[in-house]
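The primary structure of each chain is shown beneath.
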Amino acid sequence: MRTNTFRLFISSTFSDFKKEREVLHTRVFPRVDKYCKEQGYSFQPIDLRWGVNNEAQLDQKTLEVCLEEVKACKHFPHPNFLIMAGDRYGYIPLPYMIEKKEFELLRGYITKNNKSITITYKPQKDKDRKIIKHKEPRQTTQLELLDEWYKEDKNQIPLEDRKSTAYILQPRRDEYVIYENWEAEEKALRETLQEAAKATLDESTQAYQKYFTSATEAEAIEGITEYGLQTSSQKERENAMDKEYVFSYLRTITSPSGDYIDQEKSLQSSAKTFKENLKNTLLDENIHEASYKSVKECESSNFEAFEEYFYEHLKSAIDKQKEQTDRLTSLQKELAQQQKFKNDKLKGFLGREKTLSHITTYLSNQETKQPLVIYGPSGMGKSSLMAKAIEEVEQSLGGAHMLYRFVGATQGSTTLRALLISICDELQEKEIIAPIESYEPDENKFQAQIKETLSSIKTPTEIFIDALDQLQKKDYLQWLPESLPNELKIVFTVLKDSKYEEDSHYYHLFEKRVEKTQLIDITQDSLEHKKEDLLTLLLSSESRRLQEDQKSYVLEQWKKADYSPLYLKIAIEKIKNWSSYGDKEKQTLSDSTEGIIEEFIENLSKIYHHETILVNKVFGYIHTSKDGLSEKELLEILSEDLEDEEAFKKAIINEYHEPIRIKNPRREDKEELMLPLSTWSRLHTHMKPFLVERDIDKQPLMKFFHRQFATVVEEYISPVSYTHLRAHETVLDLVCRLLLE
């Protein structure tokens, strides 16, 4: 959990809440953001009216994208969720996935009661309301329609039955890219499925309800723990305090009309039930209600009460969370973040038994007074190995005290001084060393002080330090005793990579300092014997599998990449989207780690529907900056690009929703476009596993964790766009402005 960021998902139907959303974005959120910044925090309101582009809609993944963002917000401190409900129930999406047995039950009913249907399409019109195209009506049957749009994907593992498969809603292609054509098909298909669900499924189950649930209510089910039946992700979170930090705006218009009400009476009833359920679920003090006689009265409101209610309640919730965080010492925060990083690295770990045995033997060896050094190339899984070794020590219930640090995993572990002070603070807390009144300000004296401190340890102690090469500045290990005390064992991981010789600095130091038996090459402990198990495990965590020919191909490509864990981790992001019926000629993988990273960057646009121009800019800016960029700096640069560049504006701003403009203090308070946070936050979610935040001058700056990313960005992003040159100019300009300020 990022304890310095509050991330709030805003859920509602769109067209009938334009006014309230405008007030939130122009009057409420800027005040909340200012308050958070004053407290040393950041605030991210996530409004997916900008977050889902046309390509995501064509792939039928709109709701999936929204629900994933709701889940992502729940990993941040509260408050996480704000929902607005009115007199309109809203859009009911088709299920993207239907479990095989359920689908066959529905299909069986449809087969027996197969009806002929005529699908009539609305004309496609341009902005001037002139007809461009008008598809002719078509005759079909319910069964033909169902089989046309849903295909069995044997690679999908449904949550309902891990041994089963599922039917997947097919992408909109060719003439169905035109919304008017798809709208008619979707309506007929929805009615067909709803009729079959009513006849075959228990209406109290999630299986039944998904055919009748609006996108907004689906977000509420995922976003509010006690609303409806628990989802699988909620069971994993076990978040009992959730309801206390969910806020709602319930609006009633006596005579709603136009976009403010559904045309179907059944949906009007659903809208009332939805509001009642929200009212019965949420705390009274977290609900703001408003009533209007007409749409005109609502739209002419100044929403002052609305503004003050949400500002004060969000501020109060933030204060509560901040108070809890402030109770923690800096050491407690560091240990919590280190533990989370360790647990993340453990996911999907298998193999390396030989190296783990080396570590176990070393820790029990009373003779050696040297550290153990695990080394290998970038991307070979040294951090995951270290996490597993730490877990084994934790589970062994041995008598020694154990400490661990993953360098670069937290803002407080990126400099040598911060790292060593943190370790010594923990040693003092565990009463392993005598209290240290103060740390020497002079660097040489400081390292001598740490060396003496470590040499004084007389209590059995085991220290794990991963990725020394991730330190911002190199040192020469003057702080490390040449001979460790009898009761102290230290395990390091360091880089040894011919592609990054300069960053292999610590390996070369240890090569001269310790015996060869203390240097363990991780590449000599191959993952080949665990290759199938590891691939299956990682795919299963994504509820996916592969067919035998697909699996053989992936394993062959992975072998060519020397069974690099980084290669497989990135490849999973691509192959988890392979269907069993897909075109095998298009299901290809590079056979190198650098190649798979290049494909990952491309697929951020092709598979995950981020705009290519945005992807290139973000990667280019982060790479070009010397020490990294803070999220605030990156958003400022991107927002100014949005104001200045027509191509970027065309890609980001859609025709359905008014863009947000705010005063830019960096450019004489001129009102300029602001990059929608949801556009960035979705991309950041996909990039985050490969980024690290380093604390420089009290600013968390983002950089790529794995060196291969920087190499690929240098070679791939720069030639294909102007981003690299533009990044130099913009970042330098921003730095100059900050210096002047």
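Novice: Where do I start with the overall build of the chain in this structure?
Specialist: For the chain, the count of helices and strands is 28 helices and 21 strands. Here the C-alpha atoms of the chain give a radius of gyration of 28 Å, agreeing with the 27 Å that 2.2 N^0.38 yields for 741 residues. For the C-alpha atoms alone, the extent of the chain along its principal axes is close to 85 × 60 × 50 Å. Buried positions account for 55% of the 741 residues belonging to the chain. Considering only contacts in the chain between residues 6 or more positions apart, those separated by 24 or more positions represent 76%. Surface summary for the chain: the accessible area is close to 34600 Å², and the carbon and sulfur share equals 49%. With 106 positive and 130 negative side-chain charges, the chain shows a separation of 2 Å between the mean positions of the two kinds.

Novice: What's the story with the nonpolar core in this structure? I'm lost.
Specialist: One recurring pattern in soluble globular proteins: nonpolar side chains tend to sit buried together. By size, the foremost hydrophobic cluster in this structure holds 61 residues, and its most contacted members are Phe464, Ile465, Leu468, Trp479, Val491 and Phe510. Other than its neighbours up to four places away in sequence, valine 491 contacts Ile359, Tyr362, Leu363, Leu372, Ile374, Met386, Ile463, Phe464 and Ile465. Judged by nonpolar contacts, the second largest core, of 55 residues, contains Leu555, Ile597, Leu635 and Phe709.

Novice: What is the right way to read the side chain of lysine 649 from this model?
Specialist: Turning to its location among the elements, lysine 649 is positioned in helix H25 (residues 646–652). Of note is the side chain of lysine 649, whose polar atom sits 3.4 Å from the backbone oxygen of glutamate 643. Not counting residues up to four positions away in its chain, the partners in contact with lysine 649 are Leu642, Glu643 and Leu673.

Novice: Would you mind going over the sheet that holds strand E10 (residues 166–169) with me for this structure?
Specialist: In any sheet, the strands associate via hydrogen bonds between backbone groups, in a parallel or an antiparallel arrangement. Taken in spatial order, the three strands make up an open sheet running E4-E10-E9, and their pairing is antiparallel. The open sheet is flanked by strand E4 (97–99) and strand E9 (150–153), the only strands paired with a single partner. This sheet shows a mean twist of 30 degrees between the axes of neighbouring strands, independent of strand direction. Bridge count between E9 and E10: four bridges; the pairing is antiparallel. Looking across to E10, one finds that glutamate 152 is bridged to tyrosine 167. Its contacts with the sheet place helix H4 (residues 100–112) against E4, E9 and E10, and it is angled at close to 90 degrees to E4.

Novice: What is the right way to look at the sheet that holds strand E17 (residues 519–521) in this model?
Specialist: The parallel open sheet is built from five strands, whose spatial order is E14-E15-E16-E13-E17. Across the chains shown, the open sheet's two edge strands, defined by having one partner strand only, are strand E14 (401–406) and E17. Shown here is a sheet whose adjacent strand axes are inclined to one another by a mean of 15 degrees, direction ignored. In this sheet, E17 lies alongside strand E13 (residues 372–376) in parallel orientation, the contact comprising three bridges.

Novice: Explain the side chain of aspartate 47 to me, please; I cannot follow it from the model alone.
Specialist: Its place among the elements puts aspartate 47 in the loop between strand E2 (42–46) and helix H2 (54–58). A distance of 2.8 Å separates polar atoms of two side chains, one belonging to aspartate 47 and the other to histidine 25. If we ignore the near neighbours within four places in the chain, the residues touching aspartate 47 are Ile10, Arg21, His25 and Ser678.

Novice: Quick question: what am I supposed to make of the environment of leucine 471 here?
Specialist: Along the chain, the position of leucine 471 falls in the loop between strand E15 (461–466) and strand E16 (488–495). Judged by relative accessible area, leucine 471 falls into the buried class, the value being 7%.

Novice: In this structure, what is going on with the packing of aromatic side chains? I would like to understand it.
Specialist: Under the definition given, this model contains 29 aromatic pairs. Geometrically, the ring pair formed by phenylalanine 103 and tyrosine 167 is stacked, given 3.9 Å between the ring centres and 10 degrees between the ring planes. In this pair, phenylalanine 103 sits in helix H4 while tyrosine 167 sits in strand E10, placing the two residues 64 residues apart along the sequence. On the basis of relative accessibility, which here comes to 13%, the residue tyrosine 167 falls in the buried class. An aromatic cluster is present here, built from Phe17, Tyr249, Phe303, Phe306, Tyr309 and Phe310 joined pairwise through their rings. One residue, arginine 417, lies across the ring of phenylalanine 446, its end atom 4.2 Å from the ring centre. A cation over a ring is seen here: lysine 617 above phenylalanine 648, with NZ or CZ 5.1 Å from the ring centre.

Novice: Can you help me understand unusual backbone geometry in this one?
Specialist: A negative phi angle is the norm for most residues apart from glycine, just as the trans form is the norm for most peptide bonds. If you check the backbone angles, arginine 129 has positive phi at about 70 degrees while not being a glycine. The topology assignment puts arginine 129 in the loop between strand E6 (124–125) and strand E7 (131–133). For glutamate 668, which is not glycine, the phi torsion reads 60 degrees and is therefore positive. Note on glutamate 668: relative accessible area 79%, which makes it exposed.

Novice: Would you mind going over the environment of lysine 198 with me for this structure?
Specialist: Position of lysine 198 among the secondary structure elements: in helix H6 (residues 179–200). Measuring from C-alpha to C-alpha, the distance between lysine 198 and glutamine 209 comes to 9.9 Å, with eleven residues separating the pair along the chain.

Novice: What am I meant to see in the packing of helix H1 (residues 18–38) against helix H12 (residues 304–326) here?
Specialist: Geometry of a packed helix pair, given as the angle between the helix axes and the separation of the axes. Between H1 and H12, the least distance of the axes is 10 Å, while the angle of their chain directions is 35 degrees. As H1 packs across H12, the resulting crossing turns out to be right-handed. Contacts between H1 and H12 involve Glu20, Val23, Leu24, Arg27, Val28, Phe29, Arg31, Val32, Tyr35 and Cys36 from the former and Glu304, Phe306, Glu307, Glu308, Phe310, Tyr311, Leu314, Lys315, Ile318 and Asp319 from the latter. In the contact of H1 with H12, the residues fall into twelve nonpolar, no polar and eight charged.

Novice: Would you mind showing me how to read helix H17 (residues 443–455) here?
Specialist: Relative to the 18 Å expected for 13 residues at 1.5 Å per residue, H17 spans 18 Å between its end C-alpha atoms, a close match to the ideal helical length. Phe446, Gln447, Gln449, Ile450, Thr453 and Leu454 are the residues of H17 that are buried. Buried residues along H17 cover an arc of 155 degrees about the axis, so they all sit on one side. Residues of H17 that are exposed and angled more than 90 degrees away from the buried face: Asn444, Lys445 and Glu452. Buried positions along H17 lie against helix H16 (416–429), E15 and E16.

Novice: It is not clear to me how helix H20 (residues 548–560) should be interpreted in this structure. Could you clarify?
Specialist: The α-helix advances 3.6 residues per turn, and as a result positions three or four apart in sequence lie on the same side. For H20, built from 13 residues, the straight-helix expectation of 18 Å at 1.5 Å per residue is met to within 8% by its first-to-last C-alpha distance of 19 Å. Summarising the contacts, the buried residues of H20 are in contact with helix H19 (531–540) and helix H21 (565–575). At the C-terminal side of H20, aspartate 562 shows a positive phi close to 60 degrees.

Novice: How do you make sense of the pairing of E16 when you look at a structure like this?
Specialist: Within a regular strand, side chains alternate between the sheet's two faces. In terms of burial, E16 is largely enclosed, as eight of its eight residues are buried. As paired elements, E13 and E16 share five bridges and run parallel to each other. Following the sheet pairing, tyrosine 375 is matched in E16 by valine 494. Relative to E16, E15 runs parallel, the two sharing five bridges. The residue bridging glutamate 462 from the neighbouring strand is lysine 489, located in E16.

Novice: Just to check I follow, could you spell out the pattern of salt bridges for this structure?
Specialist: Side-chain pairs of opposite charge can arise whenever the charged atoms involved come near each other. Tallied over the full model, the rule gives 56 salt bridges. Linking lysine 322 and aspartate 326 is a salt bridge whose minimum nitrogen-to-oxygen distance equals 2.7 Å. A residue pair is termed a helical-turn pair when its members lie 3 or 4 positions apart in one helix, as lysine 322 and aspartate 326 do in helix H12 at four residues. For lysine 322, a relative accessible area of 17% corresponds to the buried category.

Novice: What's the story with the pairing of E14 in this structure? I'm lost.
Specialist: Here E14 lies mainly inside the structure; five of its six residues are buried. As judged from the six bridges shared by E14 and E15, these two strands associate in the parallel manner. Bridge pairing in E15 links methionine 402 to glutamate 462.

Rules behind the numbers
- Residues numbered from 1 in each chain as written.
- Predicted model: local features only at pLDDT ≥ 70, side-chain atom pairs only at ≥ 80, totals over all residues.
- Heavy atoms only, no water.
- Helix = DSSP H or I, 4+ residues; strand = E, 2+ residues; numbered from the N terminus.
- Rg over C-alpha atoms; globule rule 2.2 N^0.38 Å.
- Buried < 20%, exposed > 50% of the residue type's maximum accessible area, 1.4 Å probe, protein only.
- Contact = heavy atoms within 4.5 Å.
- Areas by Shrake-Rupley, 256 points an atom, 1.4 Å probe, with all protein chains shown as cover.
- Lys, Arg positive; Asp, Glu negative; His and termini not counted.
- Charge placed at Lys NZ, Arg CZ, Asp CG, Glu CD.
- Core = buried A, V, L, I, M, F, W, Y, C linked by side-chain atoms within 4.5 Å.
- Polar contact = N/O pair within 3.5 Å; in protein donor to acceptor, adjacent residues only side chain to side chain.
- Pairing = 2+ DSSP bridges.
- Axes fitted to C-alpha atoms, helices over the stretch in contact; angles between N-to-C directions.
- Phe/Tyr/Trp six-rings, centres within 6.5 Å; stacked < 30°, edge-to-face > 60°.
- Lys NZ or Arg CZ within 6 Å of the ring centre and 35° of its normal.
- Left-handed = near helix turned anticlockwise from the far one by under 90°.
- Nonpolar A, V, L, I, M, F, W, Y, C, P; charged D, E, K, R; others polar.
- Expected span 1.5 Å × (residues − 1).
- Arc of directions from axis to C-beta.
- Salt bridge = Lys/Arg side-chain N within 4 Å of Asp/Glu carboxyl O.

These values are about where atoms sit, not about what they do.
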